[in-house]
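Notes for the structure review
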Amino acid sequence: MVNNNTLPTPVNILAIESSCDETSAAVCRDGMILSNVIASQKIHEQYGGVVPELASRAHIQHIVPVVDAALRQTGVDKKDITAIAFTRSPGLIGSLLVGSQFAKSFALAMQIPLIAVHHMQAHVLANLIPSFTNGSPAPKPSFPLLCLTVSGGHTQIVICRSPVDLQVIGETMDDAAGEAFDKSAKLLGLPYPGGPLIDRYAKTGNPAAFKFPEPQIPGLNFSFSGLKTSILYFLQERTKNNPAFVKENLEDICASIQNRIVSILLNKLKKASLETGIKNICIAGGVAANNGLRVALQEMGTKLQWQTFIPKFEYCTDNAAMIAITGYYKFLAKDFVNLDVTASARAEWE
Ligand code: KG4
Ligand code: ZN
């Protein structure tokens with residue numbers, strides 16, 4: 001146990017992520033990511049979405065080999081782990097339980113501190129994971145920063161004043177941005193998860209080919225359910241006269257849908273920056289992997305003199321490296337939990 005005021009050196013954090021359909025383990029040493037192993041669950045593709053019970057079972061099968069691989073890749077022995085961090089919330093309860101039970105057992109067996117991590121805080125802090133270009137460290141965002149977190153379950157704008165001081169200032173009132181991508185893809189007959197496929201087809205499409213409405217939502221909140229309905233009516237109308245309409249125009253439809261989702265996101269981010277005066281701007285979450293969003297963010301950033309940051313691709317979608325970096329900052333803040341901590345599907349921001 002770490003119970004004095006001096007930091008052990010090095011600080012080795014083992015981290016577990018199991019909130020949805022990826023089982024992931026990572027090791028971080030003094031804030032540097034040493035390994036990040038992710039086992040994805042292909043089983044859900046045939047059902048067009050994540051089946052919670054199947055996800056829990058797959059986590060049970062994956063967790064030990066994934067942790068073992070994360071440790072072996074780094075050469076760090078389990079007795080050299082200083083603390084263990086895990087995703088406590090939000091997510092699928094059965095999936096969270098697998099990771100949390102594993103982490104609690106590990107903490108108990110090794111007599112080390114246990115750190116509970118909020119999945120959405122971790123997506124934001126993925127921007128603090130050190131990265132290198134040609135051996136030189138890439139610049140890190142300074143505080144305060146604004147982060148647009150866009151995933152399959154959430155869409156939020158967060159002010160981050162320090163790694164452990166975060167405040168949600170805008171969020172979706174219905175579907176998340178990732179859901180908007182996935183549900184649009186489903187209407188086009190594309191398999192789940194459709195977000196990356198829309199991204200791929202959009203690359204060769206014309207974003208101005210079709211116009212979808214931008215919802216008028218007050219403040220910094222978002223809404224995507226109206227967009228989904230307008231796409232549905234649009235497709236019904238066009239396929240009535242031409243059943244091959246989607247096939248013949250797939251790239252243009254994808255580019256136009258992506259263009260609208262991206263403009264909804266970035267217009268709110270611009271408003272948040274103007275209202276707060278913050279120009280350190282990050283994006284995070286699975287949808288941050290979207291090419292259209294990445295390019296449009298850079299363009300808007302240049303125009304508005306923002307410092308923009310986007311995590312490396314593998315730290316955008318669900319991964320344990322982001323849990324590890326969050327665990328590291330919580331370790332420095334001595335923010336530990338007891339073994340009676342419980343996973344929570346819908347915990348509020350901590
Ligand atoms: O953060 P994440 O991996 O899991 C959640 O916590 O939800 O996000 C998954 C979401 C899915 O909706 C997926 O379709 C979307 O991120 N996504 C993308 C792209 N890559 C992943 N959406 C658009 N373009 C992409 N390239
Ligand atoms: Zn996520």
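Here, the structure is the one placed above.
Residues numbered from 1 in each chain as written. Chains lettered and ligands numbered in written order. Predicted model: local features only at pLDDT ≥ 70, side-chain atom pairs only at ≥ 80, totals over all residues. Heavy atoms only, no water.

1. Side note on helix α8 (residues 291–304)
- The terminal C-alpha atoms of α8, which comprises 14 residues, lie 20 Å apart, in line with the 20 Å expected from a rise of 1.5 Å per residue.
- Regarding α8, the residues found buried are Leu 293, Arg 294, Ala 296, Leu 297, Met 300 and Gly 301.
- Looking at the buried residues of α8, the elements they touch are β8 (145–150), α7 (245–276), β11 (280–284) and β12 (307–309).
- For α8, the N-terminal cap is Asn 290; the gap from its side-chain oxygen to the backbone nitrogen of Gly 292 is 3.0 Å.
- Of the residues flanking the end of α8, it is Gln 305, one or two places downstream, whose phi is positive at about 60°. (Helix = DSSP H or I, 4+ residues; strand = E, 2+ residues; numbered from the N terminus. Expected span 1.5 Å × (residues − 1). Buried < 20%, exposed > 50% of the residue type's maximum accessible area, 1.4 Å probe, protein only. Contact = heavy atoms within 4.5 Å. Polar contact = N/O pair within 3.5 Å; in protein donor to acceptor, adjacent residues only side chain to side chain.)

2. Some remarks on the packing of aromatic side chains
- Considering all chains together, one arrives at eight aromatic pairs under this definition.
- Arranged with centres 5.7 Å apart and planes meeting at 70°, the rings of Phe 234 and Phe 245 form a pair that is edge-to-face. Taken together, the residues span a long stretch of sequence, with Phe 234 in helix α6 (residues 225–241) and Phe 245 in helix α7 at a distance of eleven residues. Exposure class is identical for Phe 234 and Phe 245. Each is buried.
- With a centroid separation of 5.7 Å and 65° between ring planes, the pair formed by Tyr 328 and Tyr 329 is classed as edge-to-face.
- For Tyr 328, a relative accessible area of 13% corresponds to the buried category.
- In textbook terms, an aromatic cluster arises when at least three aromatic residues are bridged by ring pairs, as seen for Phe 210, Phe 212, Phe 234 and Phe 245. (Phe/Tyr/Trp six-rings, centres within 6.5 Å; stacked < 30°, edge-to-face > 60°.)

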